[in-house]
Amino acid sequence: MELDEPAPTAAVPIAAAPTASAPTATASNEGPSDRWGWDYCTNTAVRRAARRLGQLYGDVTAPAGLMPTQHTLLTHLKLAAAASDPAAGTLQNLAAAMVMDLSALGHTLKPLIRDGYVELVPDAKDRRVKRARLTAAGEAKQAEGLALWHVAQSRFDALFGAEESAALRRALAIVASEEFAAAFKKKE
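Residues numbered from 1 in each chain as written. Predicted model: local features only at pLDDT ≥ 70, side-chain atom pairs only at ≥ 80, totals over all residues. Heavy atoms only, no water.

K.L.:
Before we move on, could you go through the overall build of the protein chain and cite the residues and values that matter?
P.N.:
Looking only at helices and strands, the protein chain has eight helices and two strands in total. Counting from the amino terminus, helix and strand elements in the protein chain follow one another as α-α-α-α-α-β-β-α-α-α. By the burial criterion, 26% of the 188 residues in the protein chain qualify as buried. By sequence separation, contacts in the protein chain at least 24 residues apart represent 51% of the contacts at least 6 residues apart. Total accessible area on the protein chain is roughly 12,900 Å²; 59% of this is exposed by carbon and sulfur atoms. (Helix = DSSP H or I, 4+ residues; strand = E, 2+ residues; numbered from the N terminus. Buried < 20%, exposed > 50% of the residue type's maximum accessible area, 1.4 Å probe, protein only. Contact = heavy atoms within 4.5 Å. Areas by Shrake-Rupley, 256 points an atom, 1.4 Å probe, with all protein chains shown as cover.)

Next up, the structure:
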């Protein structure tokens, strides 16, 4: 997908809202989304959608006792271990992969470490570098969360459309990439 391609459309129109070219300050019968410019700002629209999806997925995966970000972190650690990527488990690389700063990663890791799902170990070559890895309990918790995540993902795909869902993930992967961030920051 090129950066200038239009966004994918939903298979099932949940709520069709007109797109505004700019937020307006006039009083009207427009919905709150239009009145406050939520459909105008991509950042706000994505953040709102991310919060809503976090709530929806979190409701489905709650029986595992994990927040969606915690499940994502456990899954990333599992995938990194399976790929035998020696760099993936460092806190610095883990934060970068999840597009988080180190303090946010630490905040997410604390309860996982406390509950025995993740352990921090010093790097074999540089003891100042910490690596995160799943414990046996963490592997079991990740598998429990994954089964529930599949339910949430199936619900999303059924409502949004499987192809549209895949296209949305590809588009969001572009936005989350380092290349997109570098291009966005370029001064012209």
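So that's the structure; there's more coming.
K.L.:
Tell me about unusual backbone geometry, and name the residues and values.
P.N.:
One non-glycine residue, Val99, adopts positive backbone phi at about 50 degrees. With respect to the element layout, Val99 can be found in the loop between α4 (91-97) and α5 (102-114).

K.L.:
Outline the packing of helix α2 (residues 42-61) against helix α6 (residues 136-160), listing residues and values.
P.N.:
At a minimum axis separation of 8 Å, α2 and α6 run at an interaxial angle of 130 degrees. Of the possible angle classes, the one that applies to α2 and α6 is oblique. Relative to α6, the crossing made by α2 is right-handed. Every residue of α6 that contacts α2 at Leu53, Tyr57, Val60 and Thr61 is listed here: Gly145, Leu148, Trp149, Val151, Ala152, Gln153, Arg155 and Phe156. Of the residues assigned to the contact of α2 with α6, the class counts are eight nonpolar, three polar and one charged. (Axes fitted to C-alpha atoms, helices over the stretch in contact; angles between N-to-C directions. Parallel < 35°, antiparallel > 145°, perpendicular 65-115°, else oblique. Left-handed = near helix turned anticlockwise from the far one by under 90°. Nonpolar A, V, L, I, M, F, W, Y, C, P; charged D, E, K, R; others polar.)

K.L.:
Now, about α2: what can you tell me, with residues and values included?
P.N.:
Across its 20 residues, α2 extends 28 Å between first and last C-alpha, which sits within 8% of the 28 Å expected from 1.5 Å per residue. Buried within α2 we find Tyr57, Gly58, Val60 and Thr61. The buried residues of α2 all sit within an arc of 150 degrees when viewed along its axis, so they share a single face. Turning to α2, the residues buried within the fold contact α3 (68-82) and α6. (Expected span 1.5 Å × (residues − 1). Arc of directions from axis to C-beta.)

K.L.:
Outline α3, supporting the account with residue identities and numerical values.
P.N.:
With 15 residues, α3 ought to run about 21 Å at 1.5 Å a step, and its terminal C-alpha atoms sit 21 Å apart, in line with that. Of all the residues in α3, the buried ones are Gln70, His71, Leu73, Leu74, Thr75, Leu77 and Ala80. Those residues of α3 that are buried lie in contact with α4, α5, β1 (118-122), β2 (130-134) and α6. Just past α3, the residue Ser84 takes up positive phi, approximately 55 degrees.

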